Amino acid sequence: MRLTIAILALACAPSFAADADKEALLPQSGRYETDDAWRQPVAPFRIADHTWYIGTQGLSALLIDTPQGAVLIDGGLPQAADMLLAHARAVGVAPERIRWLLHSHAHADHAGPLAALKRATGARVATNAESAAILARGGTDDIHFGDSITFPPVQTDRYLQDGETVRIGDIALVAHFTPGHTPGSLSWTWTDTREGKPVRIAYVDSLSAPGYKLVDNPRIPRIAQMYQSTFAAVRTLPCDVLLTPHPDASGWTPGEKNAHPQPMTCAAYADNAEKKFDAELAKQRAAAR
């Protein structure tokens, strides 16, 4: 089934002009259509001493590399697996050095290639129980999208608790449960270095509610409270550098010479999302009267 970008807009993706030296677009999946920016590879670039961006223009994928191994957070669409492995090799990380596969939320545009990456690398998947169930069924029976945006299923190897740490070398990645966009949404924080100084990186999940039923939703009755709790939690995260699953949401333009022209704080990210959420919630409550 083909799905237009309007239906698959799990969060807004930017439009980018393709330069002549950019890699060829990844193919459409054949099941649903996505914006070109989501499938446009960009050259990997360094965010901090151990943290690399290896995704596409419109979908983030982060590689944290240490002498003891590497961690990949998110991967984009299912068809991105080979690109991600090639990008990892380009920055000196062979597939077998990737030890852990983490993610933000279990939608096809972020967790899509996890199954293929697990087979190719032997890495272990770590997530919480809510996301593990969605990953295991390949995104079917999604609370908001039904069976429209499925992806290859993948099994979880380690179940995480809120605040639990995944360690690789000297890097400790802390899992933060930030439910809303999905019930199992995860955000991650870790401390890297840049120019000899520590830099606290926050990879914060999408906070949008695209087309969601926010009032009297029988599948997720407390959705409004989930979002409100998450907005408050995101404001308190250690956050020198903010990254998000859709890079434009936090002021990034991957593929450009100045990839981060509009830095955003975690507090501003939460404030902006809450303002939009509250407006949509008020609109739906008024309509339900």
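See the structure printed just above.
Computed from a predicted model, the values in this text were never measured in an experiment.

Caption draft 1: Seen up close, the state of the cysteines. What the rule picks out here adds up to one disulfide. Disulfide pairing places C239 opposite C266 at an S-S distance of 2.2 Å. Here C239 and C266 share a disulfide; its torsion about the S-S bond, 85°, makes the bridge right-handed. Separated by 27 residues along the polypeptide, C239 in the loop between helix 5 (223-235) and strand 12 (241-243) and C266 in helix 6 (residues 266-288) bring together distant segments of the chain.

Caption draft 2: Representation of the pattern of salt bridges within the structure. Under the defined criterion, the tally for this structure stands at eight salt bridges. When the shortest N-O distance is used, the salt bridge between D36 and R39 registers 2.6 Å. Across the salt bridge formed by K118 and D157, the nearest N and O atoms sit 3.0 Å from each other. Here K118 is found in helix 3 (residues 114-121), whereas its partner D157 is found in the loop between helix 4 (129-136) and strand 7 (158-159), with 39 residues between them in sequence. By relative accessible area, D157 is classed as partly exposed at 33%. Several salt bridges converge on common partners, so that one network encompasses R235, D271 and E274.

Caption draft 3: Representation of the environment of A129. Positionally, A129 belongs in helix 4. Distance from A129 to Q161, taken between C-alpha atoms, is 8.6 Å for residues 32 residues apart in sequence.

Caption draft 4: Spotlight on the sheet that holds strand 5 (residues 98-102). What the seven strands build is an open sheet, ordered 1-2-3-4-5-6-7; its pairing is mixed. On the outer flanks of this sheet lie strand 1 (45-46) and strand 7, each paired with one strand and no other. In this structure, strand 6 (residues 124-127) lies alongside strand 7, joined through two bridges in parallel fashion. The residue of strand 7 that forms the bridge with A126 is R158. In the packing of helix 4 onto the sheet, contacts are made with strand 6 and strand 7, and the angle to strand 6 comes to roughly 130°.

About the thresholds
Residues numbered from 1 in each chain as written. Predicted model: local features only at pLDDT ≥ 70, side-chain atom pairs only at ≥ 80, totals over all residues. Heavy atoms only, no water. Disulfide = S-S within 2.5 Å. Helix = DSSP H or I, 4+ residues; strand = E, 2+ residues; numbered from the N terminus. Salt bridge = Lys/Arg side-chain N within 4 Å of Asp/Glu carboxyl O. Buried < 20%, exposed > 50% of the residue type's maximum accessible area, 1.4 Å probe, protein only. Pairing = 2+ DSSP bridges. Contact = heavy atoms within 4.5 Å. Axes fitted to C-alpha atoms, helices over the stretch in contact; angles between N-to-C directions.

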